[in-house]
Amino acid sequence: MRQDLASTDLPFLKMHGLGNDFVIIDSRGRDALVSPELARAIGDRHRGVGFDQLAEIRDAEEADIALDFWNSDGSRAGACGNATRCVGRLMLDESGRDSVSIRTERGVLSARRAGEEVSVNMGHPQRMWDEIPLSHPVDTDFLPLEGEPVAVGMGNPHAVFFVPDIRDVDVAGRGRRVECDPLFPERTNVEFAEIRARDEIRMRVWERGTGITLACGSGACATAVAAHVRGLTDRTVRMEVDGGWLTLDWREDGVWMTGPTQTVFAGRFDLSFLERV
Ligand SMILES: N[C@@H](CCC[C@H](N)C(=O)O)C(=O)O
């Protein structure tokens, strides 16, 4: 057994944002302890806790906290909008303030109270092929793939397809194929979007490293950006995902995403479970 786990009392929280579910581990005051193996073990929905993403809270010098994200296959993600909103909620409640700063791989993000909900500024979208990243220079507004998706980076890669009727899309089949297309050297998240009005989108998602989820915050931001870039929507949209509704607002300082968060339970890992990792 890893010594850092043997000597650690390891509590966690289970949270979700619109059914996009997370295990949150607070590692402030100690070294980071999540490894790919530990993430996979905790992410196992039969033998662990189960999650779409694991978020590890860490100390930060230039922000209130730092966050590292893990997918259930043990891979790292540079961004996770819904987990940022969930941990943002914890930090807003803990501090009693109206705004907190959170350092992620893509920079320092700001989370704010929005009535009962939480808003996060997910930063400016990345539109250059090498920022997303893609394997070679192409027109990121119309990728050279069947269905010509839009490529958008939100600190993680997204390929957004516009479809006439979302009910006709095989999200798992197409999502799995596009995730691993050689055009995406780090794989990609895949969104399918139906435009309902200039201020309303229906979106379903296949997440890199996880599969179909009920919501994807960074995917919702990428979809709002892609729809506006294609001239299909205004800068503010409501978006229905499988788990409910988000509001996206692409402002001068970045893409703001607003929605609900929920704490489900607090737990503590059994030492015998950690011993097997
Ligand atoms: N659910 C997330 C996105 C999680 C990361 C993604 N699977 C990746 O690998 O980039 C969100 O709410 O943004």
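Residues numbered from 1 in each chain as written. Predicted model: local features only at pLDDT ≥ 70, side-chain atom pairs only at ≥ 80, totals over all residues.

J.: Please set out the overall build of the chain residue by residue, giving values where relevant.
T.: Secondary structure assignment for the chain yields six helices and 17 strands. For the chain, the spread of C-alpha atoms along the three principal axes comes to 55 × 40 × 30 Å. Here the analysis covers contacts within the chain between residues at least 6 apart in sequence; of these, 66% occur between residues at least 24 apart. (Helix = DSSP H or I, 4+ residues; strand = E, 2+ residues; numbered from the N terminus. Contact = placed C-beta atoms within 7 Å.)

J.: Describe the UniProt feature "binding site: substrate" (unreviewed entry) in the chain, with residues and values.
T.: Mapped onto this numbering, the UniProt entry gives "binding site: substrate" (unreviewed entry) at Asn-20, Gln-53, Asn-71, Gly-81, Asn-82, Asn-156, Asn-189, Glu-207, Arg-208, Gly-217 and Ser-218. Its place among the elements puts Asn-71 in strand E4 (residues 65-71). What makes Asn-71 buried here is the crowd of 22 C-beta atoms within 10 Å. Discounting residues that sit within four places of it in the chain, Asn-71 has contacts with Gln-53, Ala-77, Arg-208, Gly-209 and Thr-210. Look at Asn-82 and you get buried, because 35 C-beta atoms sit within 10 Å. Setting aside anything within four residues of it in sequence, one finds Asn-82 in contact with Gly-17, Leu-18, Asn-20, Ala-215 and Gly-217. (UniProt positions renumbered as here; feature names shortened; annotations may be inferred. Buried ≥ 20, exposed ≤ 12 C-beta atoms within 10 Å, placed from the backbone.)

J.: Provide a residue-level description of the site of the ligand, including the pertinent values.
T.: Close contacts around the ligand come from 19 residues, with Ala-77, Asn-82, Asn-156, Gly-217 and Ser-218 the closest. Of all the elements in the fold, those that place two or more residues in the shell around the ligand are helix H3 (81-95) and helix H5 (217-229). A class-by-class count of the residues in the shell around the ligand yields four nonpolar, twelve polar and three charged. (Near = placed C-beta within 6 Å. Nonpolar A, V, L, I, M, F, W, Y, C, P; charged D, E, K, R; others polar.)

J.: So what's going on with the domain arrangement of the chain? Residues and values would help.
T.: For the chain, the assigned domains are domain 1 (3-122 + 261-275) and domain 2 (150-252). Taking only C-alpha atoms into account, the centre of domain 1 sits 23 Å from that of domain 2. Listed as interface residues are 21 residues of domain 1 and, on the opposing side, 20 residues of domain 2. Tallied by class, the residues present in the side of domain 1 that touches domain 2 amount to five nonpolar, eleven polar and five charged. (Domains from an automatic or database assignment.)

J.: Go over the pairing of strand E1 (residues 11-17), please, and point to the residues and values.
T.: Bridge count for E1 against strand E17 (residues 262-268) is six bridges, and the pairing is antiparallel. Across the sheet, residue Met-15 finds its bridge partner in E17, namely Thr-263. When E1 meets strand E2 (residues 20-26), the two strands line up antiparallel, connected through five bridges. Residue pairing for E2: Gly-17 is matched across the bridge by Asn-20. Count of turn residues in the E1/E2 antiparallel hairpin: two residues, of which Leu-18 carries a positive phi of about 60°. (Pairing = 2+ DSSP bridges.)

J.: Describe the environment of Val-163, listing the residues and the values that go with them.
T.: Checked against the element boundaries, Val-163 lands in the loop between strand E10 (157-162) and helix H4 (171-179). By the C-beta count within 10 Å, which is 16 here, Val-163 ends up partly exposed. Considered as a pair, Val-163 and Ala-215 are 52 residues apart in the sequence and their alpha carbons are 18 Å apart. Leaving out residues up to four positions away in the same chain, Val-163 has contacts with Val-169, Phe-192, Ala-193 and Glu-194.

J.: Requested: an account of the UniProt feature "active site" (unreviewed entry) in the chain, with residues and values cited.
T.: The positions that UniProt labels "active site" (unreviewed entry) are, in the present scheme, Cys-80 and Cys-216. These annotated residues cover 137 residues of sequence, and their C-alpha atoms all fall within 7.6 Å of one another, placing them together at a single site. Within the fold, Cys-80 resides in the loop between strand E5 (76-77) and H3. Of the residues examined, Cys-80 has 31 C-beta atoms within 10 Å and is grouped as buried. In this structure, Cys-80 is in contact with Gln-53, Ala-55, Phe-69, Gly-217 and Ser-218, ignoring residues within four places of it in sequence. Topologically, Cys-216 is positioned in the loop between strand E13 (211-213) and H5. The contact partners of Cys-216, leaving out residues within four places of it in the chain, are Asn-20, Asn-189, Val-205 and Glu-207.

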